[in-house]
Every structure is written in C-alpha cells, then in structure tokens.
Amino acid sequence: MLNDVAELPITPAELEQSGGLDLSAGLVITVYRGVFWRNPQHLRSLLFIEVFSLGLILIFVMPVGFLAVKRSGSLPSDGADIANLFLLFLAGSVLILALGNIWLVNQAKRWKSVAKLLRQVDKYNRVVKSLAMLNQLSRTENNLQGDNSLEGEKVLRALRVTKNSLLQAIKIEIIRTKQGVIARPDELMVTLENNLTSLVAGELDPPTDQYGYLLDEALQIAMSVEQQMRDL
C-alpha cells in the first residue's frame, strides 16, 4: 500500500502536462493567490518575485539611463547630483514594476477558476500525506491488519478517483483560460459526475476512525470540484 500512496500526490510536472501550466501561468496564479487570498506562502513568493524583478529592471534601466544622460552631455559629477539621478532611475524602475503589477493582477483575474482548483489540489495532497503517515504509523505499530487494511484500500481508491477529477478539471480550465472559451465540454461534467457517483456509491458511513476521516476528506474535495465546475 505504501508504494501505491507514493504515486498519489499531484506533482507540478503532472499539472504542467495536464494542460500546459507553464512558468508564466504559474506566476500569474501565484499573484492571484497572494493578492486576493492573502495566502502567506504565496505572499512570501510574491515578495521575492517583486524584489527580484525590481533588481532586474534596475540592471537594465541604469546603464541605459546613464548612457542617455552621458550622450546628452549633462552627466553630473557632483555626488549629490549623481545620487538624485540614481533616485530618478529607481523611481522609473518602480513605475515600470507597478505597471507590470497592474497587468499581472488583470491577468490573474482570468485564472481565478484554475487558482481555486489548485487550492483543492493543495487539500488533496495534504490528505495523501496524512494517509502516508497513517499507513507508516500503522505499519510501525503492527496494527495494519483486517479492517485497517480494508479501510486504507478504500481511501486509496477514493483518492485515485479524486485525483482523476482534479486533473481533468484543471486540464479543461487551463485550456479554456488560455483560449478564452466559455463553454465547458459535456464530457468533463459526465466524468466528474461519474467519479463522484462512484465515490458516493461506496461504503461511506460516518467517519469513526482516521481512515474514515480521510475518506470523507477525499469525498468533500471531489464534491467541491464538481460543484465548482458547475458554478463557474
């Protein structure tokens, strides 16, 4: 079972293959999650990107600016004037960065639906991690017997179905966002409904142990994905 769990996490490579979630799209989604959701992790990433981008802009603006000033014959020699010139270049760089941020925020709004699905991916991966830890604990304590093994298999099956739903939904949403298509393929909704039906049709008694809670989490994620695709 441990080997099966290792194959369950949704990796960045799978997301990229699912619909072309490339670096630029990832940046826009990071902006959305940081700005609109105030997600601490993505706010830190966004802050790093901002500082790095400002540095790159300065590296480009300063040589070009100094060269332009030199050619105009007004290159200052006084220390104070040079400092003022540097502040002018810095202000110009900040303005360029601000304009770029406005463009990014506008682009980020288009990726709202994908960002919401990626939030479900985060929840899904946390459930997978919890299952791996629970299996390891049970294995260490020699408790992985009978019902526990059966419950673990139920969670595995539920997570496989949920993973399929997430990747299918993300693939379609990325394609829709990039191409500006409004309608969603009927095949997607049929797939999501069938996946959800297969989960609900299983033995879903009220959770009484840790495996039961993980099974319930997998079902909730699948239901959220299906509902989101209907509402968007």
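These numbers come from a predicted model, not from an experiment.

Thoughts on the overall build of the protein
And then number 1: Looking only at helices and strands, the protein features nine helices and zero strands.
And then number 2: Burial statistics for the protein: of 232 residues in total, 35% are counted as buried.
And then number 3: For the protein, restricting intrachain contacts to residue pairs at least 6 apart in sequence, the fraction spanning at least 24 positions comes to 83%.
And then number 4: In the form shown here, the protein has an accessible surface area of approximately 13,600 Å², with 59% of it arising from carbon and sulfur atoms.

With respect to the pattern of salt bridges
And then number 1: A full pass over the atoms with the stated rule returns one salt bridge.
And then number 2: Across the salt bridge formed by Glu14 and Lys163, the nearest N and O atoms sit 3.0 Å from each other. Linking Glu14 in helix α2 (residues 12–19) with Lys163 in helix α7 (residues 146–179), this pair joins segments that are 149 residues apart in sequence.

Some words on the nonpolar core
And then number 1: If you look at the biggest cluster of nonpolar residues, it comprises 33 residues, and the most contacted ones within it are Tyr124, Leu131, Leu159 and Val225.
And then number 2: Elements that contribute at least two residues to this core include exactly α6 (112–140), α7 and α9 (210–231).
And then number 3: The element that contributes the greatest number of residues to this core is α6, accounting for ten residues.
And then number 4: Formed by six residues, the second largest nonpolar core is a distinct cluster that contains Val69, Leu85, Phe89 and Leu97.

Topic: a nonpolar patch on the surface
And then number 1: A cluster of nonpolar side chains, contributed by Phe48, Phe52, Leu56 and Ile59, occupies part of the molecular surface with about 470 Å² of accessible area.
And then number 2: Within the secondary structure, Leu56 is located in helix α4 (residues 40–71).
And then number 3: Overall, Leu56 belongs to the partly exposed group, its relative accessible area being 46%.

Section: the environment of Asp216
And then number 1: Relative to the elements of secondary structure, Asp216 occurs in helix α9.
And then number 2: Of the residues examined, Asp216 reaches a relative accessible area of 29% and is grouped as partly exposed.
And then number 3: Along the backbone, Asp216 and Ala158 are 58 residues apart, and their C-alpha atoms lie at a distance of 9.2 Å.

Looking at the confidence of the model for the protein
And then number 1: Within the protein, residue pLDDT values average 75, and 71% of them lie at 70 or more.
And then number 2: Mean pLDDT across the elements of the protein ranges from a minimum in helix α3 (residues 23–35), with 66, to a maximum in α6, with 83.

Some remarks on the environment of Arg157
And then number 1: Position of Arg157 relative to the elements: it lies in helix α7.
And then number 2: Arg157 sits 58 residues away from Leu215 along the chain, and the two C-alpha atoms are 9.3 Å apart.

What to know about the packing of aromatic side chains
And then number 1: One pass over the structure, following the stated rule, counts one aromatic pair.
And then number 2: Look at Phe48 and Phe52: their rings are 6.2 Å apart centre to centre, the planes differ by 15°, and that puts the pair in the stacked class. Of this pair, Phe48 and Phe52 both sit in helix α4, four residues apart, which is roughly one turn of that helix.

Describing the side chain of Glu173
And then number 1: Summarising the element assignment, Glu173 is placed in helix α7.
And then number 2: A polar atom in the side chain of Glu173 sits 2.6 Å from the side chain of Ser113.

Thresholds applied
Residue positions are counted from 1 within each chain, in the order its sequence is given. The model is predicted, so local features are restricted to residues of pLDDT at least 70 and side-chain atom pairs to those at 80 or more, both for listing and for counting; the totals for chains, interfaces and linings are taken over all residues. The basis for every side-chain value is the complete set of non-hydrogen atoms in the structure, without hydrogens or water. Only runs of H or I of at least four residues qualify as helices and only runs of E of at least two qualify as strands under DSSP, and these elements are numbered from the N terminus. The rule is simple: take the accessible area with a 1.4 Å probe, protein chains only, and divide by the maximum for that residue type; under 20% is buried, over 50% is exposed, in between is partly exposed. Two residues qualify as a contact provided that any one of their heavy atoms is within 4.5 Å of a heavy atom in the partner residue. Residue burial considers only the protein chains on display, and all accessible areas are found by Shrake-Rupley using a 1.4 Å probe. Any Lys or Arg side-chain nitrogen found within 4 Å of a carboxyl oxygen on Asp or Glu counts as a salt bridge. Take the buried residues of types Ala, Val, Leu, Ile, Met, Phe, Trp, Tyr and Cys, join any two whose side-chain atoms come within 4.5 Å, and each joined set is a nonpolar core. Only residues whose relative accessible area exceeds 30% and that form no salt bridge enter a patch; like-charged residues are grouped when within 9 Å of one another, and nonpolar side chains (Val, Leu, Ile, Met, Phe, Trp, Tyr) when within 5 Å. What pLDDT conveys is the predictor's confidence in a given residue, as a value from 0 to 100. We call Phe, Tyr and Trp rings a pair once their centres come within 6.5 Å, taking the six-membered ring for Trp, and we label the pair stacked below 30 degrees between planes, edge-to-face above 60, and tilted otherwise. In the analysis that follows, any N or O atom pair within 3.5 Å is treated as a polar contact, provided that within protein one partner can donate a hydrogen and the other can accept it, and provided that, for residues neighboring in sequence, both atoms belong to side chains.

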